[in-house]
Amino acid sequence: MDEKALQIVKDYIFAHLDKTDMVPPFDVYMVWKCKALQNWKYLISSTLCDGMYRRRTRKL
């Protein structure tokens, strides 16, 4: 389940990068995860220099 959330965010980042530039190699990593009200909440970031955090909620 964690790998799927990371892959969704990686695909999202890749789809929204500037297509005119060379795509830099980057990794995504989980900053925070918890289960609240039968849902998993994730806070995911990447090694890109954009300083962005992505939030993902996974319903069971």
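Residues numbered from 1 in each chain as written. Predicted model: local features only at pLDDT ≥ 70, side-chain atom pairs only at ≥ 80, totals over all residues. Heavy atoms only, no water.

A. Structural detail: a nonpolar patch on the surface. On the surface, Tyr 29, Val 31, Trp 32 and Tyr 53 cluster together into a nonpolar patch covering about 430 Å² of accessible area. For the nonpolar patch, the element with the most residues is strand β1 (residues 28–36), which contributes three residues. Counting through the fold element by element, Trp 32 comes out in strand β1. Judged by relative accessible area, Trp 32 falls into the partly exposed class, the value being 45%. (Patch = residues over 30% accessible without salt bridge, like charges linked within 9 Å, V, L, I, M, F, W, Y side chains within 5 Å. Areas by Shrake-Rupley, 256 points an atom, 1.4 Å probe, with all protein chains shown as cover. Salt bridge = Lys/Arg side-chain N within 4 Å of Asp/Glu carboxyl O. Helix = DSSP H or I, 4+ residues; strand = E, 2+ residues; numbered from the N terminus. Buried < 20%, exposed > 50% of the residue type's maximum accessible area, 1.4 Å probe, protein only.)

B. Highlighting the nonpolar core. Membership of the largest hydrophobic core is limited to nine residues, which are Ala 5, Leu 6, Val 9, Ile 13, Phe 26, Val 28, Tyr 42, Ile 44 and Leu 48. Among the secondary structure elements, those contributing two or more residues to this core are α1 (2–16) and β2 (39–46). Looking at this core, the element that brings in the most residues is α1, giving four residues. Sequence-distant contacts of Val 9, that is, excluding residues within four places in its chain, are made with Val 28, Ile 44 and Arg 54. (Core = buried A, V, L, I, M, F, W, Y, C linked by side-chain atoms within 4.5 Å. Contact = heavy atoms within 4.5 Å.)

C. Expanded view of the pairing of β2. The pairing of β1 with β2 spans eight bridges and is antiparallel. Residue pairing for β2: Val 28 is matched across the bridge by Ser 46. Here β1 folds back onto β2, and the loop between the two strands holds two residues, one of which, Leu 37, carries a positive phi near 55 degrees. Bridge analysis of β2 against strand β3 (residues 53–59) gives seven bridges, and the strand direction is antiparallel. Counted as the bridge partner of Lys 41 is Thr 57 from β3. In this structure, the hairpin formed by β2 and β3 is closed by a connection of six residues, where Gly 51 is found at a positive phi of approximately 70 degrees. (Pairing = 2+ DSSP bridges.)

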